[in-house]
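Here is how the chains run, residue by residue.
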Amino acid sequence: TEVIIAKTEDEAGRIYADCAARLIQTKPDCVLGLATGSSPLAAYRALAAKVQDEGIDVLQVRGFALDEYAGLDPAHPQSYRSTIERTVVEPLGLDPAKVHVPNGDLKTIAEAGRQYDEAIKAAGGVDLQILGIGTDGHIGFNEPGSSLASGTRIKTLTEQTRIDNARFFDGDINQVPTHCITQGIGTILKARQLILLAFGAGKAEAVAETVEGGISSFCPASALQLHPHATVIIDEAAASRLR
Ligand code: F6R
């Protein structure tokens, strides 16, 4: 796993943006793997600025998000569908019809995972997947103990993740959904390139475990070591536990 230590989140974001822009220019209908959360926001901002400044045509770009809450109306402002629209589709000017988010509808969720993996495959696979990491080493909503070979499926959110995400639901954990649908670790590893972003001392332990620990489902992000083209871009605080 390649590690790049950036001075700031903006500098890290620009490294992602350069990479994504080059991809879009060489393959206009490329498939971007998208994540929610705070870690990718500077990267999306940098890419949007580059697309604007350089007049890059993004109308054919396709996207697949990592995860979604189960049983939350996609129109809810905190659904990952809404979040991806707000933070990626609108600022970049992507065609919303080409950007997919897993379907958390409880009536169809049992089948939705397999269908999502098939849709990714039919699209030719993800070219560049952006990732954040949880303090416990999760990627997507694959919490510790998740199979490293998993496909997209329904998962139970841990208490800690629901506490962490309560800030988006009036600080009220009772409003945070209890389940989600997430790309599996096996799904994520099929992307041709992975870029994981992590900032701040709170991520330092998880980053060290990911890059220098053993490959283990107890740190799901350590599966990046199995990938031939994975880059971890972090700030100095997030790098502070690396040897
Ligand atoms: C987001 C996701 C999560 C986050 C992780 C880090 O779609 O699947 O794995 O990437 O929880 O979140 P932030 O970036 O907010 O610290």
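Residues numbered from 1 in each chain as written. Predicted model: local features only at pLDDT ≥ 70, side-chain atom pairs only at ≥ 80, totals over all residues.

**Topic: the pairing of strand β8 (residues 179-182)**
Thinking step 1. In this sheet, β8 lies alongside strand β4 (residues 67-69) in antiparallel orientation, the contact comprising 3 bridges. Following the sheet pairing, glutamate 68 is matched in β8 by isoleucine 181.
Thinking step 2. Sheet topology places strand β7 (residues 153-156) next to β8; 4 bridges connect them, and they run antiparallel. Considered in β8, the bridge of threonine 156 is made with histidine 179. (Pairing = 2+ DSSP bridges. Helix = DSSP H or I, 4+ residues; strand = E, 2+ residues; numbered from the N terminus.)

**Quick look at the environment of arginine 241**
Thinking step 1. Counting through the fold element by element, arginine 241 comes out in the segment after β10 (230-234).
Thinking step 2. The exposure class of arginine 241 is partly exposed, given the 16 C-beta atoms found within 10 Å.
Thinking step 3. When sequence neighbours within four positions are dropped, the list of residues in contact with arginine 241 reads Ala204, Glu205, Val207 and Ala208. (Buried ≥ 20, exposed ≤ 12 C-beta atoms within 10 Å, placed from the backbone. Contact = placed C-beta atoms within 7 Å.)

**A closer look at helix α7 (residues 204-212)**
Owing to its 3.6 residues per turn, the α-helix aligns residues three or four sequence positions apart on the same side.
Thinking step 1. Of all the residues in α7, the buried ones are Ala204, Ala206, Val207, Thr210 and Val211. Looking straight down α7, one finds that the buried residues subtend no more than 160° of arc, so they occupy a single side.
Thinking step 2. The secondary structure elements touched by the buried residues of α7 are β1 (2-5), β9 (194-198) and β10. (Arc of directions from axis to C-beta.)

**Some words on the site of the ligand**
Thinking step 1. In the vicinity of the ligand, 14 residues are found, and the nearest of them are Thr36, Gly37, Ser38, Ser39 and Gly132.
Thinking step 2. Its residues assigned to classes, the shell around the ligand comprises 5 nonpolar, 8 polar and 1 charged. (Near = placed C-beta within 6 Å. Nonpolar A, V, L, I, M, F, W, Y, C, P; charged D, E, K, R; others polar.)

**Regarding the UniProt feature "domain: Glucosamine/galactosamine-6-phosphate isomerase" (unreviewed entry) in the chain**
Thinking step 1. Here the UniProt-annotated "domain: Glucosamine/galactosamine-6-phosphate isomerase" (unreviewed entry) positions come out as residues 11-225.
Thinking step 2. Helix makes up 36% of residues 11-225 and strand makes up 14%, while its end C-alpha atoms are separated by 24 Å. (UniProt positions renumbered as here; feature names shortened; annotations may be inferred.)

**Brief notes about the sheet that holds strand β5 (residues 99-100)**
Thinking step 1. Within the open sheet, the 7 strands sit side by side as β1-β10-β9-β6-β2-β3-β5. Their pairing is parallel. Every other strand in the sheet has two partners, leaving β1 and β5 as the edge strands with one partner each.
Thinking step 2. Sheet topology places strand β2 (residues 31-34) next to strand β6 (residues 128-131); 2 bridges connect them, and they run parallel. Within β6, the position partnered with leucine 32 by the bridge is leucine 128.
Thinking step 3. In the packing of helix α3 (residues 80-92) onto the sheet, contacts are made with β2, β3 (62-65) and β5, and the angle to β3 comes to roughly 140°. (Axes fitted to C-alpha atoms, helices over the stretch in contact; angles between N-to-C directions.)

**Remarks on helix α2 (residues 41-54)**
Thinking step 1. In this model, α2 (14 residues) spans 20 Å end to end at C-alpha, consistent with the 20 Å of a helix rising 1.5 Å per residue.
Thinking step 2. All of the buried residues along α2 are Ala42, Ala43, Tyr44, Ala46, Leu47 and Val51.
Thinking step 3. Taken together, the buried residues of α2 touch α1 (9-26), α3, β6 and β9.
Thinking step 4. Backbone geometry just after α2 places glycine 55 at a positive phi near 60°. (Expected span 1.5 Å × (residues − 1).)

**Section: the packing of α1 against α2**
Thinking step 1. At a minimum axis distance of 7 Å, the contact between α1 and α2 shows a crossing angle of 50°. Taken as axis vectors, α1 and α2 run oblique relative to one another. You can see that α1 and α2 cross each other, and the crossing is right-handed. On α2, the residues touching Glu9, Asp10, Ala12, Gly13, Arg14, Tyr16, Ala17, Ala20 and Ala21 of α1 are Ala42, Ala43, Arg45, Ala46, Leu47 and Lys50.
Thinking step 2. Residues of the contact of α1 with α2, tallied by class, amount to 9 nonpolar, 1 polar and 5 charged. (Parallel < 35°, antiparallel > 145°, perpendicular 65-115°, else oblique. Left-handed = near helix turned anticlockwise from the far one by under 90°.)

**Describing the sheet that holds β8**
Thinking step 1. The antiparallel open sheet is built from 3 strands, whose spatial order is β4-β8-β7. Looking along the sheet, the strands with just one partner apiece sit at the ends: β4 and β7. Taking each pair of neighbouring strands and ignoring which way they run, the sheet shows an average axis angle of 30°.

**Quick notes on the packing of α2 against α3**
Thinking step 1. As a packed pair, α2 and α3 sit with axes 9 Å apart at the nearest point and diverge in direction by 10°. One finds that α2 runs roughly parallel with respect to α3. Where α2 approaches α3, its residues Leu41, Tyr44, Leu47, Ala48 and Val51 are matched on the opposing element by Thr87, Val88, Pro91 and Leu92.
Thinking step 2. Partitioned by chemical class, the residues of the contact of α2 with α3 number 8 nonpolar, 1 polar and no charged.

**Quick look at the UniProt feature "active site" (unreviewed entry) in the chain**
Thinking step 1. Here, the residues flagged by UniProt with the feature "active site" (unreviewed entry) are Asp67, Asp136, His138 and Glu143.
Thinking step 2. By the element assignment, histidine 138 lies in the loop between β6 and β7.
Thinking step 3. A count of 23 C-beta atoms within 10 Å places histidine 138 in the buried class.
Thinking step 4. With residues up to four places along the chain from it excluded, the contact list for histidine 138 reads Glu143, Pro144 and Pro220.
Thinking step 5. By the element assignment, glutamate 143 lies in the loop between β6 and β7.

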